[in-house]
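Coordinates in review
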Amino acid sequence: MLKPLGDRIIIEQIQSEEKTASGIVLPDSAQEKPQEGKVVAVGTGRVTENGEKVALEVKEGDSIIFSKYAGTEVKYEGTDYLILRESDVLAIIG
Amino acid sequence: MLKPLGDRIIIEQIQSEEKTASGIVLPDSAQEKPQEGKVVAVGTGRVTENGEKVALEVKEGDSIIFSKYAGTEVKYEGTDYLILRESDVLAIIG
Amino acid sequence: MLKPLGDRIIIEQIQSEEKTASGIVLPDSAQEKPQEGKVVAVGTGRVTENGEKVALEVKEGDSIIFSKYAGTEVKYEGTDYLILRESDVLAIIG
Amino acid sequence: MLKPLGDRIIIEQIQSEEKTASGIVLPDSAQEKPQEGKVVAVGTGRVTENGEKVALEVKEGDSIIFSKYAGTEVKYEGTDYLILRESDVLAIIG
Amino acid sequence: MLKPLGDRIIIEQIQSEEKTASGIVLPDSAQEKPQEGKVVAVGTGRVTENGEKVALEVKEGDSIIFSKYAGTEVKYEGTDYLILRESDVLAIIG
Amino acid sequence: MLKPLGDRIIIEQIQSEEKTASGIVLPDSAQEKPQEGKVVAVGTGRVTENGEKVALEVKEGDSIIFSKYAGTEVKYEGTDYLILRESDVLAIIG
Amino acid sequence: MLKPLGDRIIIEQIQSEEKTASGIVLPDSAQEKPQEGKVVAVGTGRVTENGEKVALEVKEGDSIIFSKYAGTEVKYEGTDYLILRESDVLAIIG
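Sequence order sets the numbering: in each chain, residues are counted from 1 along the sequence as written. Written order determines the labels here, with chains lettered from A and ligands numbered from 1. In keeping with the predicted nature of the model, local features appear solely for residues at pLDDT of at least 70, side-chain atom pairs appear and are counted solely at 80 or more, and the whole-chain, interface and lining totals rest on all residues. As a convention, hydrogens and water are excluded, and side-chain values are obtained from all of the structure's heavy atoms.

Condition: UniProt positions are given in the numbering used here, feature names are shortened, and annotations may be inferred rather than shown by experiment.
The name an unreviewed UniProt entry gives chain A is Co-chaperonin GroES, with Alkalicoccobacillus plakortidis as the organism. In the Subunit (unreviewed entry) part of its UniProt record, chain A is described as follows: "Heptamer of 7 subunits arranged in a ring. Interacts with the chaperonin GroEL." Turning to chain A, the UniProt annotation filed under Sequence similarities (unreviewed entry) states: "Belongs to the GroES chaperonin family."

What follows is the structure in structure tokens.
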């Protein structure tokens, strides 16, 4: 598995199927990027200038809303992931 | 519900109905974005470089004035929200 | 009333009436914006990276000189206010 | 009087009369702005991220050299002042 | 051997052979740079503003995913290395 | 005399006479600015965010090499000085 | 000798002679600048915001690899040196 570093988290993006009025499924390029994801791994936290480690608020399994275009896309063992910093997470759903 | 992270808050925007002299209700694109909102959720606070968590001044239920264009718009279960950082809040009304 | 957050203050601008040589009162657009104001509310102070709250030097009722173009204009219950950060205040008059 | 905030100081600029070879006094726009001033008021000091107040090195009455173009010009009771941050002061004369 | 300083690490890039549909091996310029590497040396850690040394999370021998284009390429004794800061490491594989 | 503030120092520039092959002394505009100077005064040191004063390494009388184009030129009682921050000093000679 | 300040180091660049296929030695302008050097002097270390001095990892005599184009070139008593900050040093060789 992938283990993110510091204040990074790894998510799988949740993409709802989108159709046009006539029912045609749109290719990725024709719609906005999704903003929702499921957390699959979290880092151990960032270290402050005081040398203290601050644990993440986000936990594995959380569904989150994140800033559009944030993070780096990674393909690992056939699955697409997005590696974000926790500061790119806007809110936890639930 | 949505749970904001760190020093973020979630608000619902309060939009007063605006009419032209002739009484026509203007579409969104024809007026300035509102600057008032009602807080529906607050994060647990930011962590300083000293590793200390600083609780937010803003509380759920507060009516606030915020910086125009600040934040990220999110639609959740049919309602539009705005996710802001507390630093985008100018003042609490009340 | 409006309650500013952190190191913000709310002021009412003091505008002296300006006349041309011929005695005509100039509209706003024809003169420089005022740089003097009266403080009507102050925040509880900024929080340093050490987690300490630093109270403001400026107090309600103070007359101040502030940086031209600083702050955000807000209309509240028919009155125009300006919300500034204390760092935009150059000096207290008196 | 004006009371500067934080690490700000208020100075009166010292302008030596400048003449051309033919003895004509040059208007302001034809010479460089002065870089010397006399301190008329000092703030109580800046507050570090540690929450500690650092008193200014500059004292009322000091003659100083400051960075050209630094500060904000203010007219108060008929006199022109310049409000600077102490960091714009290069050296004390004397 | 090379000994990286502070929060730097040295990696060897892992490049999978890439072929076109017709089986031709593509030259480097025709494909994206790899994003996977094996850690061959790590620094002793960064020093915070508090004067504390923070050890790296990444260890020698780790396989990592790193930000594309990060780091500096170095050729040493015939081998190509990449020197990165730990903050350029997105995740550890395994 | 001039007393520099904080982490500033005052130097006199040391300019070696430069001649062309034919022995003509070049005017200032035809050569690079000098990078060597003699320290004539030093400030009391910078104050860290921790509120601690850090004394300068450079002492009065030191010959130094400094970053080309750094600092502010000041003419005082007929002599040209350069006011630098200690961070513009590259090395002490001797 | 030159004594570097703070977190600066002084190095002599190590330039290997480069020849074209036909054995012609290339002039400097036709090759990349070297990235290897020998440390001839080190500063006493940087001072953190906490007021603590952090000694350098690099020692006199070390052979280092440094960031291309980093530092300032200085000629002293007929020898060319490069003054770098330790943060420009990528790795120590050996």
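Still more ground to cover, so stick around.
1. Quick look at the pattern of salt bridges
Note the cut-off: Throughout this description, the term salt bridge denotes a Lys or Arg side-chain nitrogen within 4 Å of a carboxyl oxygen of Asp or Glu. In this description a helix means any DSSP run of H or I spanning at least four residues, a strand means any run of E spanning at least two, and both kinds are numbered starting from the N terminus. Using a 1.4 Å probe on the protein chains alone, a residue whose accessible area is under 20% of its type maximum counts as buried, one over 50% counts as exposed, and one in between counts as partly exposed.
Following the criterion strictly, the structure yields 14 salt bridges over all chains and no others. The partner of Glu49(C) in a salt bridge is Arg46(B), and the shortest N-O contact between them spans 3.1 Å. Here Glu49(C), found in the loop between strand E4 (46–47) and strand E5 (53–54), pairs with Arg46(B), found in strand E4 (residues 46–47), and the two come from separate chains. On the basis of relative accessible area, Glu49(C) is assigned to the partly exposed category, the value being 27%. The salt bridge partner of Arg85(G) is Asp7(G), with a shortest N-O separation of 2.8 Å.

2. Thoughts on the interface of chain D and chain F
We count it as follows: Any two residues whose heavy atoms approach within 4.5 Å are treated as being in contact. The term buried area means the drop in 1.4 Å probe accessible area that two parts suffer when joined, counted for both and summed.
Chain D puts 18 residues into the contact, and the matching count from chain F is 20 residues. Counting each side, the surface lost to burial between chain D and chain F is near 1,600 Å², with a carbon and sulfur contribution of 52%. For chain D, the biggest contributors to the area lost against chain F are Glu57(D), Leu90(D) and Ile92(D); these three give 36% of the whole. Counting the contacts that link chain D with chain F gives one salt bridge.

3. Some remarks on unusual backbone geometry
Phi is positive for Glu77(E), close to 50°, though the residue is something other than glycine. Secondary-structure assignment places Glu77(E) in the loop between strand E7 (72–76) and strand E8 (79–85).

4. Observations concerning the sheet that holds strand E3 (residues 36–42) of chain G
Strand pairs in the sheet, formed through backbone hydrogen bonds, run parallel or antiparallel to each other. Note the cut-off: When DSSP finds at least two bridges between two strands, those strands are taken to pair. To obtain each axis, a line is fitted to C-alpha atoms, and for helices this fit is confined to the stretch in contact; angles are then taken between N-to-C directions over 0 to 180 degrees.
Read across the sheet, seven strands follow the order E1(E)-E9(G)-E6(G)-E3(G)-E2(G)-E8(G)-E7(G) without closing on themselves; strand pairing throughout is antiparallel. Each edge of the open sheet is held by one strand with a lone partner, namely strand E1 (2–4) of chain E together with strand E7 (72–76) of chain G. With strand direction ignored, the average angle separating the axes of adjacent strands in the sheet is 40°. For strand E2 (residues 8–13) of chain G and strand E8 (residues 79–85) of chain G, the ladder comprises four bridges, and the chain directions are antiparallel. Each bridged residue has a counterpart across the sheet, and for Arg8(G) the counterpart in E8(G) is Arg85(G).

5. Details of the relation of the copies chain A and chain E
The condition that has to hold: Alignment of the copies relies on least squares applied to C-alpha atoms, considering only residues that score at least 70 for pLDDT in both.
Overlaying chain A with chain E gives an RMSD of 0.0 Å, the required rotation being 51° about an axis along which the chain moves by 0.0 Å. In this assembly the copies use different faces: only 15% of the residues contributing to the interface of chain A also contribute to that of chain E.

6. Concerning the interface of chain A and chain E
Cut-off, in case you're wondering: Under the rule applied, a polar contact is a pair of N or O atoms within 3.5 Å (in protein, one hydrogen donor and one hydrogen acceptor; residues adjacent in sequence only if both atoms are side-chain atoms).
The interface is formed by 20 residues belonging to chain A together with 18 residues belonging to chain E. Regarding the contact of chain A and chain E, the summed buried area is about 1,600 Å², with carbon and sulfur atoms giving 52% of it. Ranking the residues of chain A by area buried against chain E places Lys3(A), Leu5(A) and Glu49(A) at the top, with a combined share of 37%. Counting across the chain A and chain E interface gives one salt bridge. On inspection of chain A and its partner chain E, the count reaches 13 residue pairs in polar contact (both at pLDDT 80 or more).

7. Considerations on the side chain of Asp62(B)
Residues and elements named next belong to chain B. As a reminder, the rule being used: Note that His is not counted, nor are the chain ends; the positive residues are Lys and Arg, and the negative ones are Asp and Glu.
In this structure, Asp 62 sits in the loop between strand E5 (53–54) and strand E6 (63–66). Look at Asp 62: it is buried, it has no salt bridge, and the nearest opposite charge is Lys 59 at 4.2 Å. Polar side-chain contacts of Asp 62 include one of 2.8 Å to the backbone nitrogen of Lys 59. Aside from chain neighbours lying at most four places away, what touches Asp 62 is Gly 37, Lys 38, Val 39, Glu 57 and Ile 92.

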